[in-house]
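# Observations on the three-dimensional arrangement
One letter stands for each residue in the lines below.
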Amino acid sequence: MTSEDDPFHDCELDAEAILGTHTFEDVLFTDETETPVNVLTGETPAHSQATVEEAKEFAASIDTETPQIALPASVESQVETQSKPYTAAAFFHFKATGSLERHRAYHAAYEADAFAVDFEANYASGDLTITVERADEA
């Protein structure tokens, strides 16, 4: 197999590192996601109030071929930009998978015909589960 045929030729990890099912805990936006509180009033600002349903709808509305998930936005970014407490990203984003190396490997597998990649976003628990199988074994 030449490097052009290997979907992982630009990756630090190989397929073996991501094959199977991996669960990333507490990475998704949930009803428990931290939001800022106004120290004078004790209230959460309107821009930081959101539901899981709203976050899921936002992620689904992103116009891209790669499925998106709702991730929590940092309290700092919510305050600085007066943004919602969530953001959308590809399901294999490094903020969800924990490293840029895994992000690149999942992205390579997702783009390659040789692999079947599926994911489950559990917004009740905040857990993301990604399963990668060789397409000939799926």
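Quick note: structure is the one above.
Residues numbered from 1 in each chain as written. Predicted model: local features only at pLDDT ≥ 70, side-chain atom pairs only at ≥ 80, totals over all residues. Heavy atoms only, no water.

## Focus on the packing of aromatic side chains
The relation between two aromatic rings is expressed through the spacing of the ring centres and the mutual angle of the planes. Rules: Stacked, tilted and edge-to-face are the three classes applied to pairs of Phe, Tyr and Trp rings, where Trp contributes its six-membered ring and a pair requires centres within 6.5 Å; stacked means planes under 30 degrees apart, edge-to-face means over 60, and tilted covers the rest. Only DSSP runs of H or I covering at least 4 residues are called helices, and only runs of E covering at least 2 are called strands; the numbering of each starts at the N terminus. Think of it in three bands: residues with accessible area under 20% of the maximum for their type are buried, residues over 50% are exposed, and the middle band is partly exposed, with areas taken using a 1.4 Å probe on protein chains only.
Summed over the entire model, instances satisfying the criterion amount to eight aromatic pairs. Seen from their ring centres, Phe29 and Tyr86 are 5.5 Å apart, and the 75° between their planes marks the pair as edge-to-face. With Phe29 in the loop between strand S1 (20–24) and helix H1 (52–61) and Tyr86 in strand S3 (residues 86–90), this pair connects stretches of sequence that are 57 residues apart. Across the pair, Tyr86 and Phe29 agree in class, each one buried. Judged by centre distance (6.2 Å) and plane angle (45°), the rings of Phe92 and Tyr110 are tilted. Here Phe92 is found in the loop between S3 and helix H3 (94–97), whereas its partner Tyr110 is found in helix H4 (residues 100–111), with 18 residues between them in sequence. Through a chain of ring-to-ring contacts, three or more aromatic side chains come together here, namely Phe91, Phe92, Tyr110 and Phe119.

## Focus on the pairing of strand S4 (residues 115–122)
This is how it is decided: A pair of strands is treated as paired once DSSP finds two or more bridges between them.
In terms of strand pairing, S4 meets strand S5 (residues 127–134) through eight bridges, oriented antiparallel. By the bridge assignment, Phe119 is partnered in S5 with Ile130. Between the end of S4 and the start of S5, which pair antiparallel, lie four residues, with Gly126 showing a positive phi angle near 90°.

## Overview of the nonpolar core
For clarity, the cut-off: Among buried residues, those of type Ala, Val, Leu, Ile, Met, Phe, Trp, Tyr and Cys that are joined through side-chain atoms within 4.5 Å constitute a nonpolar core. Note on contacts: a residue pair is in contact if any heavy atoms of the two residues lie within 4.5 Å.
Counting 31 residues, the largest nonpolar core has Phe8, Ile69, Phe115, Ile130 and Val132 as the members making the most contacts within it. The set of elements that each furnish at least two residues to this core consists of H1, strand S2 (68–72), S3, H4, S4 and S5. A total of four residues in this core trace back to one element, the largest contributor, which is H4. Ignoring anything within four residues of it in the chain, the contact list for Phe8 reads Leu13, Asp14, Ala15, Ile18, Ala105, Ala108, Ala109 and Phe115.

## Focus: unusual backbone geometry
Peptide bonds are trans in most cases, and residues, glycine excluded, mostly fall at negative phi. Unlike most non-glycine residues, Asp26 shows phi in positive territory, near 55°. With respect to the helices and strands, Asp26 occurs in the loop between S1 and H1. We classify Asp26 as exposed; its relative accessible area is 63%. Although it is not a glycine, Gln82 sits at a positive phi angle of roughly 50°. As for its position among the elements, Gln82 is in the loop between helix H2 (75–81) and S3.

## Remarks on H1
To keep things clear, this is the line we draw: This arc corresponds to the set of directions leading from the helix axis out to the C-beta atoms.
Turning to H1, its buried residues are Val52, Ala55 and Ala59. The arc that holds the buried residues of H1, viewed along the axis, is 65°, so those residues lie on one side. The outward face of H1, more than 90 degrees from its buried face, is lined by the exposed residues Glu57 and Ala60. Buried residues in H1 make contact with S2 and S3.

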